[in-house]
Amino acid sequence: MDASATFTPAKPDAAADEAADRAAARLAAHRRARRRATALVILSQVALLAAFLAFWEYMTVFDKQTAFMFGSPSAIAGFLMTMAKDGSLWRDTYVTGVETLLGFAVGNVIGTLIGLSLWYSRFVSRVIEPFVIALGSIPIIALAPIIIIWFGTGLTSKIAMSTLSVVIVALVTSYKGAVGVDEDQINLMRTLGASKFQIFRKLVVPASLADIFAGLKLTVGFALIGAIVGEFMSSSEGLGHAIFKAGSLYIIPKVFAALVATIALALVLTFIVGKVEKLLMPWRRLS
Amino acid sequence: MNAVDTPAIAAGAVGMAPAGTPPLVVEHVAKSYDADGRIVPVIGDLSLTLNEGEIVAIVGPSGCGKTTLLNTLCGLIGADSGRIRWHGREISGQPSGVGYMLQKDLLLPWRTALRNVMLGLEIRGVSLSDAEERSHVVLDKLGLHGFAEHYPTTLSGGMRQRVALARTLVNEPDVLLLDEPFAALDFQTKLLIESDTARLVRESRRSVLLITHDIEEAVSIADRVIVLTKRPTRVKAVYDIALGTERTDMIAARESAGFVDYVRRIWADLDVTRQ
């Protein structure tokens, strides 16, 4: 009696284990298939890039004229090596990176603070709306000469250019996020007895985070453009300076080499923003 | 300490009113909207009373201004005329001790279930540890033990609505205003949450004003059903529901003898004509 009582449950357990194993196997197979699909995408991207570079190299290898006009991947790689060796690559990337980051930070902090706080007053936001649109429509490059006059030819003018490229976008995206908060959600907060500041802090700010981050991703590029335009106008270092100098000396491969560094910088900065976004909004990963 | 069963907020409001004063009295309330210069009357002339510990359901044809009524009662919008008295007093702004729940759960996606429930306590400045403890108690009562740290996106619709219910109940409101809170749920989930809601509000003698388009829900859960007319809204009929069963089990209520008769009569009152 005792023996059978302890023995019988073992059977259904074994069956359950087997079912669980099968389910786990199915899941693993599904995961493998998904990983394989991702690998195929990456492989295709690498192949596309390789084909493009090979075509470029092939077109320039026999023809000096074309090589002069368009550079060639091997020449670009050569310039990257020498620039890395003499340290100018790191120095220029560092300078432009600092300008971009500072402009990005200052512009986004100012823009986001103004954009969010405009939620507080419908009146104030209506008053300043046309001015924001007007400022937003100014091509930043048109301001460059004035910025140089105001802030000099050093780091400050590049940060100012970068900030100006960012601030309006940050303002508009964060304001859009703040006023887009569900009216029912605000009513709920009110029935819970929340003050306007509590509604702002506990609801409006976190609810706007998604839009703010969309703005951040967009403005990484804008900040970099601002810094490079600033360097074009007047500078003694930075990637924009390197591009401008090599361009005016007709050293096309060097222009491309500096461009490669610029693209790398943009990718790294975008990657960091994406990581911070995931860190600050863990609930979005789960949906 | 049993936080949920001690109506702390209610005590202040009820204490001032003489015993037996109904928590909510609505007298001749009217409300119109201005649509492109035209005055559209939404609520014509509405009076109703919600007694202590009573569940009253309001049913009406679609678009009869049920939500407008609820927002007016909450003090979110002002009435054009008439009087709304909470515990015998007219107040401006939001009444205290009133919980509000909609069809949308309105959970904050960046807060876990527990932190969503804590929202009202946090706003009122209750200490964090106290708020956490009380929220855990209510979540447990609604069968959400073990889901406190889940984000809303990882919960099912029924569980999300339970969290929303917990968020309402943790504030110990003496009156709950519910605007079709179960309408988006599947039938089985709906019956279970309705039963839980009825059980929790009846055992702590809270009052409920439930706005719904679901006649069966109204009859099974409420002590009284008020049928509204089309716009401009007035009270068309009032039914005192006597089903002779324990009114915390929605399945038993729906199987009771009188149930179908009430549903049929209210359905006739609503006068839904096929077009």
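Residues numbered from 1 in each chain as written. Chains lettered and ligands numbered in written order. Predicted model: local features only at pLDDT ≥ 70, side-chain atom pairs only at ≥ 80, totals over all residues.

(A) Highlighting the overall build of chain B. The number of helices and strands found in chain B is 10 helices and 10 strands. The C-alpha atoms of chain B give 19 Å as radius of gyration, which agrees with the globular expectation for 275 residues (19 Å, within 12%). For chain B, the spread of C-alpha atoms along the principal axes amounts to about 50 × 45 × 45 Å. For chain B, the residues scored as buried account for 43% of the 275 residues in total. The contacts of chain B with a sequence gap of at least 6 include a subset with a gap of at least 24, amounting to 73%. (Helix = DSSP H or I, 4+ residues; strand = E, 2+ residues; numbered from the N terminus. Rg over C-alpha atoms; globule rule 2.2 N^0.38 Å. Buried ≥ 20, exposed ≤ 12 C-beta atoms within 10 Å, placed from the backbone. Contact = placed C-beta atoms within 7 Å.)

(B) View of the domain arrangement of chain A. With domains assigned, chain A is organised as domain 1 (2-62) and domain 2 (73-286). A C-alpha centroid distance of 38 Å is found between domain 1 of chain A and domain 2 of chain A. (Domains from an automatic or database assignment.)

(C) Fine view of the domain arrangement of chain B. Residue and element names in this part refer to chain B. Along its sequence, chain B is organised into domain 1 (43-97 + 173-269) and domain 2 (107-172). Computed from C-alpha atoms alone, the centre-to-centre distance between domain 1 and domain 2 is 24 Å. The interface is formed by 10 residues belonging to domain 1 together with 11 residues belonging to domain 2. Among the elements that take part in the side of domain 1 that touches domain 2, helix α7 (residues 187-203) stands out by supplying 5 residues, more than any other. Split into classes, the residues belonging to the side of domain 1 that touches domain 2 amount to 7 nonpolar, 2 polar and 1 charged. (Nonpolar A, V, L, I, M, F, W, Y, C, P; charged D, E, K, R; others polar.)

(D) Seen up close, the UniProt feature "transmembrane region" (unreviewed entry) in chain A. Residue and element names in this part refer to chain A. Taking the UniProt record as the reference, the feature "transmembrane region" (unreviewed entry) is found at residues 37-56, 101-120, 132-153, 159-182, 203-229 and 249-274. Secondary structure content for residues 37-56 is 100% helix and 0% strand, while the C-alpha to C-alpha distance between its ends is 29 Å. Between the end C-alpha atoms of residues 101-120 the distance is 29 Å, and the span holds 85% helix and 0% strand. (UniProt positions renumbered as here; feature names shortened; annotations may be inferred.)

(E) Structural detail: the confidence of the model for chain B. Residues and elements named next belong to chain B. Counting all residues, the mean pLDDT for chain B is 84, and 92% of those residues have values of 70 or more. For the stretch residues 1-15, pLDDT sits under 50, and the model shows 28 contacts to residues farther than four places along the chain or on other chains. Across the predicted assembly, pTM comes out at 0.79 and ipTM at 0.80. (pLDDT = per-residue confidence, 0-100.)

(F) Focus on the packing of helix α11 (residues 239-248) of chain A against helix α12 (residues 252-280) of chain A. Residue and element names in this part refer to chain A. The N-to-C vectors of α11 and α12 enclose an angle of 165 degrees; their axes lie 8 Å apart at closest approach. By the angle between their axes, α11 is roughly antiparallel relative to α12. As for how α11 packs across α12, the hand of that crossing is left-handed. For the pair formed by α11 and α12, the contact residues are Leu239, Ala242, Ile243, Ala246 and Gly247 on the first element and Lys254, Val255, Ala258, Leu259, Ala261 and Thr262 on the second. Of the residues assigned to the contact of α11 with α12, the class counts are 8 nonpolar, 2 polar and 1 charged. (Axes fitted to C-alpha atoms, helices over the stretch in contact; angles between N-to-C directions. Parallel < 35°, antiparallel > 145°, perpendicular 65-115°, else oblique. Left-handed = near helix turned anticlockwise from the far one by under 90°.)

(G) Representation of the pairing of strand β3 (residues 55-59) of chain B. Residue and element names in this part refer to chain B. The buried fraction of β3 is high, at 5 of 5 residues. Taking every second residue as pointing to the same face, both faces of β3 are buried, with Ile55, Ala57 and Val59 on one and Val56 and Ile58 on the other. Examined bridge by bridge, β3 and strand β8 (residues 207-212) share 5 bridges and lie parallel to one another. Paired with Ile55 across the two strands is Val208, which belongs to β8. Relative to strand β9 (residues 224-228), β3 runs parallel, the two being bridged by 4 bridges. By the bridge assignment for β9, Ala57 is matched with Val225. (Pairing = 2+ DSSP bridges.)

(H) Representation of the nonpolar core. Of all hydrophobic cores here, the largest spans 122 residues; its most connected members are Ala57, Ala166, Leu177, Ala222 and Val225 of chain B. If you tally residues by element for this core, the top one is helix α10 (residues 196-233) of chain A, at 14 residues. (Core = buried A, V, L, I, M, F, W, Y, C linked by C-beta atoms within 7 Å.)

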